[in-house]
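Residues per chain are reported as follows:
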Amino acid sequence: MNLHEYQAKELLKRYHVPIQEGIACSTVSEAEDAYRFINSEYGSKFAVIKAQIHAGGRGKGKIKGTEQRGVAVAKNLEDVKRIAHNLLGGTLVTVQTGEAGKLVSKIFVAQDVYYEGPEPVKEFYLSILMDRSKGKNVVMYSTEGGMNIEDVAHETPEKIFKEWVHPGGGLLPFQARKIAFNLGLSGTAFKNCVKFVTNLYNAFVGLDCSMLEINPMFKTSDAKIIAVDCKMNIDDNALMRHPDIAAMRDITEEDPTEVEAAKYNLNFVKLDGNVGCMVNGAGLAMATMDMIKLSGGEPANFLDVGGTANAQTVEAGFRIILKDPKVKAILINIFGGIVRCDRVAQGVIDAYKSIGNIEIPIIVRLQGTNAEIAKELIDKSGLKVESAILLSEAAELVNKAVA
């Protein structure tokens, strides 16, 4: 589950990770009040106003039809009004949103951290994620933080450092010191960085994050280390341990079909192909998608109905798949182990009758418990549903359907 910047920062504060303070706002008047509070509370001359969407590249992105960028500096109250008015309700287009962009419903009015002081300021990059090839969490960091981190990774990969952390021991003190040293820090900034990285790693583990990115991790002119921006992904499988975090979910930022699928406990991921697939079991679903590609088609989705498929879940799956206008055929591939094939077949028949006339071809391949009964039910239903026993037969029928 993705979180907005303002949500992620509030969670970081629980672990004593210093952040760029700010207030989330939904209206222009709230933004004005936030600016006044920040000005009085933190003595900020300026305010940084950031669009809150689930996408990166906000600093370079623009509101569709305008020159307003997704991150802007307001020097006075009039600037706050203008920027907030331009952002709220607008569609922000970034390199990660595509041309469609994303609607901006909230903005984050944050304090200015680029104030003058005894030392020069500096932007760093730091992220934590799982390295599955090593079975360890990895801390990735660089001296070159900011909006152009993708260019740094591509053009000067030697500036990207990695520190692997054994899951049994956690981030060790010498590793935190090594990170601060490689970032070129010394004195108070060095000590603050060690604390920052240690607390950040504790947040990554404690919150069950799958990814935690701080860009920039910022050294202020008085040697503080703070998180100016934060991207945080939470492992969906761990949300049962964090009901307060689950309540932060913003479904307006998610694909509507995936949201609907979740209501029926369907594991659904939308893709860009022309063959819809409905399968029970993630492994079989992946194999089915491979077979679709080998047959000349392209998977339109990943849909795992699980081991307890019934008429309701099958119908829900049908309706979700049919919302995609690109779909030219549907392949249902069920292995009857926990779930009986005849129950799925009856679910297909009931769903077909409930939905009405389905114009695209439907290929059903059922194997396992009561597979023969299931095939007989399909064949005698009188519906435009083609049945197959072997996966190769189903693939041939898919090939004919999309040719």
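Residues numbered from 1 in each chain as written. Predicted model: local features only at pLDDT ≥ 70, side-chain atom pairs only at ≥ 80, totals over all residues. Heavy atoms only, no water.

Engineer: How would you sum up the nonpolar core? Please name residues and give values.
Structural biologist: Grouped together as the largest cluster of nonpolar side chains are 42 residues, with contacts concentrated most on Leu12, Leu126, Phe196, Leu200, Met217 and Met232. In terms of residues, this core owes the most to one element, helix H6 (residues 187–206), which gives nine residues. Listed in part, the 33 residues of the second largest apolar core include Ala261, Ile360, Ala371 and Ala374. (Core = buried A, V, L, I, M, F, W, Y, C linked by side-chain atoms within 4.5 Å. Buried < 20%, exposed > 50% of the residue type's maximum accessible area, 1.4 Å probe, protein only. Helix = DSSP H or I, 4+ residues; strand = E, 2+ residues; numbered from the N terminus.)

Engineer: Please give an account of the pairing of strand S9 (residues 122–131) that cites residues and values.
Structural biologist: As a general feature of sheets, a regular strand has side chains that alternate between the two faces. Across seven bridges, S9 lies against strand S12 (residues 209–219) in antiparallel orientation. For Leu129, the partnering residue across the bridge sits in S12 and is Met211. In this structure, S9 lies alongside strand S10 (residues 136–142), joined through seven bridges in antiparallel fashion. From the neighbouring strand, Leu129 faces S10, where its bridge partner is Val138. What sits between the antiparallel neighbours S9 and S10 is a turn of four residues, in which Gly135 has the positive phi angle 70°. (Pairing = 2+ DSSP bridges.)

Engineer: Before we move on, could you go through the side chain of Asp304 and cite the residues and values that matter?
Structural biologist: For Asp304, the position within the fold is in strand S17 (residues 301–304). Summary of buried charges: Asp304 has no salt-bridge partner, and the nearest side chain of opposite charge, Arg365, is 13 Å away. Here Gly281 takes part through its backbone nitrogen, which lies 2.7 Å from a polar atom of the side chain of Asp304. Every residue in contact with Asp304, bar those within four places of it in the chain, is listed here: Leu266, Asn267, Val279, Asn280, Gly281 and Ala282. (Lys, Arg positive; Asp, Glu negative; His and termini not counted. Salt bridge = Lys/Arg side-chain N within 4 Å of Asp/Glu carboxyl O. Polar contact = N/O pair within 3.5 Å; in protein donor to acceptor, adjacent residues only side chain to side chain. Contact = heavy atoms within 4.5 Å.)

Engineer: Now, about the side chain of His54: what can you tell me, with residues and values included?
Structural biologist: If you trace the backbone, His54 turns up in the loop between strand S3 (47–51) and strand S4 (62–63). Dropping the residues within four chain positions of it, His54 is found in contact with Asn2, Leu3, His4, Lys102, Asp250 and Glu253.

Engineer: Explain the sheet that holds strand S5 (residues 71–74) residue by residue, including any values.
Structural biologist: Ordered in space as S2-S8-S3-S5, the four strands form an open sheet in which the pairing is antiparallel. Sheet topology places strand S2 (22–25) and S5 at the edges, where each strand pairs with a single neighbour. Across the sheet, the mean angle from the axis of one strand to that of its neighbour is 20°, orientation sign disregarded. Pairing analysis gives four bridges linking S3 to S5, with the strands arranged antiparallel. Bridged to Lys50 within S5 is Val71. Contacts from helix H1 (residues 5–14) reach S2, S3 and strand S8 (107–111) within the one sheet, and its direction differs from that of S8 by about 50°. Of the strands in this sheet, S2, S3, S5 and S8 touch helix H2 (residues 28–42), which is tilted by about 15° from S8. (Axes fitted to C-alpha atoms, helices over the stretch in contact; angles between N-to-C directions.)

Engineer: Please set out helix H9 (residues 282–294) residue by residue, giving values where relevant.
Structural biologist: End to end, H9 covers 19 Å across 13 residues, agreeing with the expected 18 Å (1.5 Å per residue, within 8%). Of the surrounding elements, those touching the buried residues of H9 are strand S16 (275–279), S17 and strand S18 (329–336). In the segment just after H9, Gly296 is the residue with positive phi, at about 105°. (Expected span 1.5 Å × (residues − 1).)

Engineer: Account for unusual backbone geometry, naming residues and giving values.
Structural biologist: Omega for the peptide link from Asn215 to Pro216 comes to 5°, which places this bond in the cis form. With respect to the helices and strands, the residue Pro216 is situated in strand S12. Positive phi outside glycine occurs at His16, with the angle close to 65°. Following the sequence through the fold, His16 ends up in the loop between H1 and S2. Since its relative accessible area comes to 64%, His16 is described here as exposed. Despite not being glycine, Ala223 shows a phi value in the positive range, around 70°. Within the secondary structure, Ala223 is located in the loop between S12 and strand S13 (225–227). Residue class for Ala223 comes out buried when judged on its relative accessible area of 4%.

Engineer: Can you break down the packing of aromatic side chains residue by residue, with the values?
Structural biologist: According to the stated counting rule, one finds four aromatic pairs in the structure shown. Measuring from centroid to centroid gives 4.5 Å for Tyr114 and Phe218, while their planes differ by 50°, and the two rings are tilted. Placement of Tyr114 in the loop between S8 and S9 and of Phe218 in strand S12 is noted, with a sequence separation of 104 residues between them. Here Tyr114 falls in the partly exposed class, since its relative accessible area comes to 41%. Phe218 gets classed as buried once you look at its relative accessible area, which sits at 0%. Consider the rings of Tyr141 and Phe161, whose centres lie 5.3 Å apart with planes at 20°: the pair is stacked. Here Phe161 lies in strand S11 (residues 160–165) and Tyr141 lies in strand S10, a separation of 20 residues in the sequence. A cation over an aromatic ring shows up here: Lys134 above the ring of Trp164, its NZ or CZ 4.8 Å from the ring centre. (Phe/Tyr/Trp six-rings, centres within 6.5 Å; stacked < 30°, edge-to-face > 60°. Lys NZ or Arg CZ within 6 Å of the ring centre and 35° of its normal.)

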